[in-house]
Amino acid sequence: MVKIPTKMSKYCPNCKKHVEMKVKQEKSARRGGGFGATARKEKIRRRGYGNLGKYSKRAVTQTKMASKTSKKVDLRLTCPECKKVWVLSYPRTKRTEFVKV
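Just so you know, these numbers come straight off a predicted model, no measurement behind them. (Residues numbered from 1 in each chain as written. Predicted model: local features only at pLDDT ≥ 70, side-chain atom pairs only at ≥ 80, totals over all residues. Heavy atoms only, no water.)

**A closer look at the state of the cysteines**
Next, step 1: A full pass over the atoms with the stated rule returns zero disulfides.
Next, step 2: Sulfur of Cys 12: no disulfide; nearest cysteine sulfur belongs to Cys 15 and is 3.6 Å away.
Next, step 3: The thiol sulfur of Cys 79 is not disulfide-bonded, and the nearest other cysteine sulfur, from Cys 82, lies at 3.5 Å.
Next, step 4: What makes Cys 79 buried here is its relative accessible area of 0%. (Disulfide = S-S within 2.5 Å. Buried < 20%, exposed > 50% of the residue type's maximum accessible area, 1.4 Å probe, protein only.)

Laid out in structure tokens, this is it:
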């Protein structure tokens, strides 16, 4: 189990300085995309006939053999000065706990 503090000192590219920011967990539904560059390319390539190359059925089934046992945690950081919010990806963990510091 990983304990993540509710406030972290991080660099704000908007303010251009280090600030203590509020940390929340981003909803897991936001991860995965579906509208990224590769997803758009796949959608275009799926039109028409012929081999889909990287996105063919065989290639997809070979890459998706085993499911992951944990998910990556996305942290939502909020700058107290400029109120800018962005998402920081955290390594894979089975359980996370937020601790007040």
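**Digging into unusual backbone geometry**
Next, step 1: Positive phi outside glycine occurs at Lys 16, with the angle close to 60°.
Next, step 2: Here Lys 16 shows up in the loop between strand S2 (7-12) and strand S3 (17-25).
Next, step 3: Notably, Lys 83 is not glycine yet its phi reads approximately 60°, a positive angle.
Next, step 4: For Lys 83, a relative accessible area of 60% translates into the label exposed. (Helix = DSSP H or I, 4+ residues; strand = E, 2+ residues; numbered from the N terminus.)

**Quick look at the side chain of Ser 70**
Next, step 1: Topologically, Ser 70 is positioned in the loop between helix H2 (57-63) and strand S4 (71-78).
Next, step 2: Relative accessible area serves as the criterion here: at 14%, Ser 70 is assigned to the buried category.
Next, step 3: Not counting the four nearest positions on each side in its chain, Ser 70 is found in contact with Arg 92, Thr 93 and Lys 94. (Contact = heavy atoms within 4.5 Å.)

**Section: the sheet that holds S4**
Next, step 1: Taken in spatial order, the four strands line up as S2-S3-S4-S5 in an open sheet, and their pairing is antiparallel. The sheet is open, and its two edges are formed by S2 and strand S5 (85-93), each paired on a single side. The average undirected angle you get between the axes of adjacent strands in this sheet is 45°.
Next, step 2: Strand direction decides the pairing type here: S2 and S3, joined by six bridges, are antiparallel. Looking across to S3, one finds that Ser 9 is bridged to Glu 20. (Pairing = 2+ DSSP bridges. Axes fitted to C-alpha atoms, helices over the stretch in contact; angles between N-to-C directions.)

**Topic: a positive patch on the surface**
Next, step 1: A cluster of like positive charges, contributed by Lys 7, Lys 22, Lys 24 and Lys 83, occupies part of the molecular surface.
Next, step 2: You can see Lys 7 is positioned in strand S2. (Patch = residues over 30% accessible without salt bridge, like charges linked within 9 Å, V, L, I, M, F, W, Y side chains within 5 Å. Areas by Shrake-Rupley, 256 points an atom, 1.4 Å probe, with all protein chains shown as cover. Salt bridge = Lys/Arg side-chain N within 4 Å of Asp/Glu carboxyl O. Lys, Arg positive; Asp, Glu negative; His and termini not counted. Charge placed at Lys NZ, Arg CZ, Asp CG, Glu CD.)

**Looking at the environment of Arg 95**
Next, step 1: Position of Arg 95 relative to the elements: it lies in the loop between S5 and strand S6 (96-99).
Next, step 2: For the pair Arg 95 and Val 2, spaced 93 residues apart in the sequence, the C-alpha separation amounts to 6.5 Å.
Next, step 3: Sequence-distant contacts of Arg 95, defined by excluding residues within four places in its chain, comprise Met 1 and Val 2.

These results come straight from atomic positions and should not be treated as a statement about function.
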